[in-house]
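Secondary and tertiary structure notes
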Amino acid sequence: MTRQNISSGSKFEAEIGYSRAVVIDGWVLVSGTTGYDYATGDISSDVAEQAEQTLVNISRALQEAGSSIKEVVRVKYILPDRDDFPKTWPVLQKWFGDVGPAATMIQSGLMKDEMKIEIEVTARKG
């Protein structure tokens, strides 16, 4: 069993002690990811823009792992405000409309108030 840890360079990974993604036995497990732009450290105040950046971050991790959004089989959305979820649907449709992964939405507080969505995915490796 070979394990590969993928890092995005997010400060949270080093501070908390986790990997953005882990590749194991043909699977890619992507940690809960938020909408920070890792190059700048910025995060939008708009939930749809956060969803877009989150999926950009996830896509990069999947690519580094030898996978892609098209290989996602499971997605979990976590939002502090369930009323924000419909605002993200056009973004989610853009990324997952042709993929159709199994999905769950949970309302829960996130680590920082500025975070409006967190997304976790599981994908097959390529």
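Above this text is the structure in question.
Now for a description of the structure that goes with this document. What you are looking at is a predicted structure, and each value in this text was computed from that prediction instead of being measured.

1. Regarding the pairing of strand E4 (residues 72–79)
Regular strands have side chains that alternate between both faces of the sheet. In this structure, E4 lies alongside strand E6 (residues 118–124), joined through six bridges in antiparallel fashion. Counterpart to Tyr77 in the pairing with E6 is Ile119. Chirality of the crossover, the property in question, places the unit of E4, helix H3 (residues 85–96) and strand E5 (residues 102–107) among those that are right-handed.

2. Some words on the side chain of Arg20
Mapped onto the secondary structure, Arg20 falls in the loop between helix H1 (11–16) and strand E2 (21–24). Polar side-chain contacts of Arg20 include one of 3.1 Å to the backbone oxygen of Gly32. When neighbours within four sequence positions are excluded, Arg20 is seen to be in contact with Ile6, Ser7, Ser8, Ser10, Glu13, Leu29, Val30, Ser31, Gly32, Thr33, Tyr38 and Ala61.

3. Remarks on the packing of aromatic side chains
For any two aromatic rings, the description comes down to two numbers: the centre-to-centre distance and the angle of the planes. All chains considered together, the criterion is met by two aromatic pairs. Geometrically, the ring pair formed by Tyr77 and Phe85 is tilted, given 5.4 Å between the ring centres and 50 degrees between the ring planes. Residue classification places Phe85 among the buried positions, given a relative accessible area of 15%. For the ring pair Phe85 and Trp89, a centre distance of 5.8 Å and an interplane angle of 90 degrees mean the geometry is edge-to-face. On the criterion of helical spacing, the pair formed by Phe85 and Trp89 is a turn pair, its members being four residues apart in helix H3. Taking the relative accessible area as the measure of exposure, Trp89 reaches 47% and is therefore partly exposed. Taken together, the aromatic side chains of Tyr77, Phe85 and Trp89 make up a single cluster linked through ring pairs. Over the face of the ring belonging to Trp27 we find Arg124, whose NZ or CZ atom lies 4.4 Å from the ring centre.

4. Regarding the packing of helix H2 (residues 47–64) against H3
At a minimum axis distance of 8 Å, the contact between H2 and H3 shows a crossing angle of 25 degrees. The orientation of H2 with respect to H3, classified from their angle, is roughly parallel. Crossing hand, H2 versus H3: right-handed. Facing H2, whose interface residues are Val47, Ala48, Ala51, Glu52, Leu55, Val56 and Ser59, H3 presents Lys87, Thr88, Val91, Leu92, Lys94, Trp95 and Phe96. Its residues assigned to classes, the contact of H2 with H3 comprises nine nonpolar, two polar and three charged.

5. Some words on the pattern of salt bridges
Counted under the stated rule, the structure contains three salt bridges. With a closest N to O distance of 3.3 Å, Glu13 and Arg20 form a salt bridge. With a relative accessible area of 2%, Arg20 lands in the buried category.

6. Notes on the environment of Val99
Turning to its location among the elements, Val99 is positioned in the loop between H3 and E5. Taking the relative accessible area as the measure of exposure, Val99 reaches 23% and is therefore partly exposed. Residues Val99 and Val72 lie 27 residues apart in sequence; the distance between their C-alpha atoms is 7.2 Å. The residues touching Val99, leaving out its near neighbours within four places in the chain, are Ile69, Lys70 and Val72.

The rules we used
Residues numbered from 1 in each chain as written. Predicted model: local features only at pLDDT ≥ 70, side-chain atom pairs only at ≥ 80, totals over all residues. Heavy atoms only, no water. Pairing = 2+ DSSP bridges. Helix = DSSP H or I, 4+ residues; strand = E, 2+ residues; numbered from the N terminus. Right-handed = clockwise from strand over helix to strand, strands pointing away. Polar contact = N/O pair within 3.5 Å; in protein donor to acceptor, adjacent residues only side chain to side chain. Contact = heavy atoms within 4.5 Å. Phe/Tyr/Trp six-rings, centres within 6.5 Å; stacked < 30°, edge-to-face > 60°. Buried < 20%, exposed > 50% of the residue type's maximum accessible area, 1.4 Å probe, protein only. Lys NZ or Arg CZ within 6 Å of the ring centre and 35° of its normal. Axes fitted to C-alpha atoms, helices over the stretch in contact; angles between N-to-C directions. Parallel < 35°, antiparallel > 145°, perpendicular 65-115°, else oblique. Left-handed = near helix turned anticlockwise from the far one by under 90°. Nonpolar A, V, L, I, M, F, W, Y, C, P; charged D, E, K, R; others polar. Salt bridge = Lys/Arg side-chain N within 4 Å of Asp/Glu carboxyl O.

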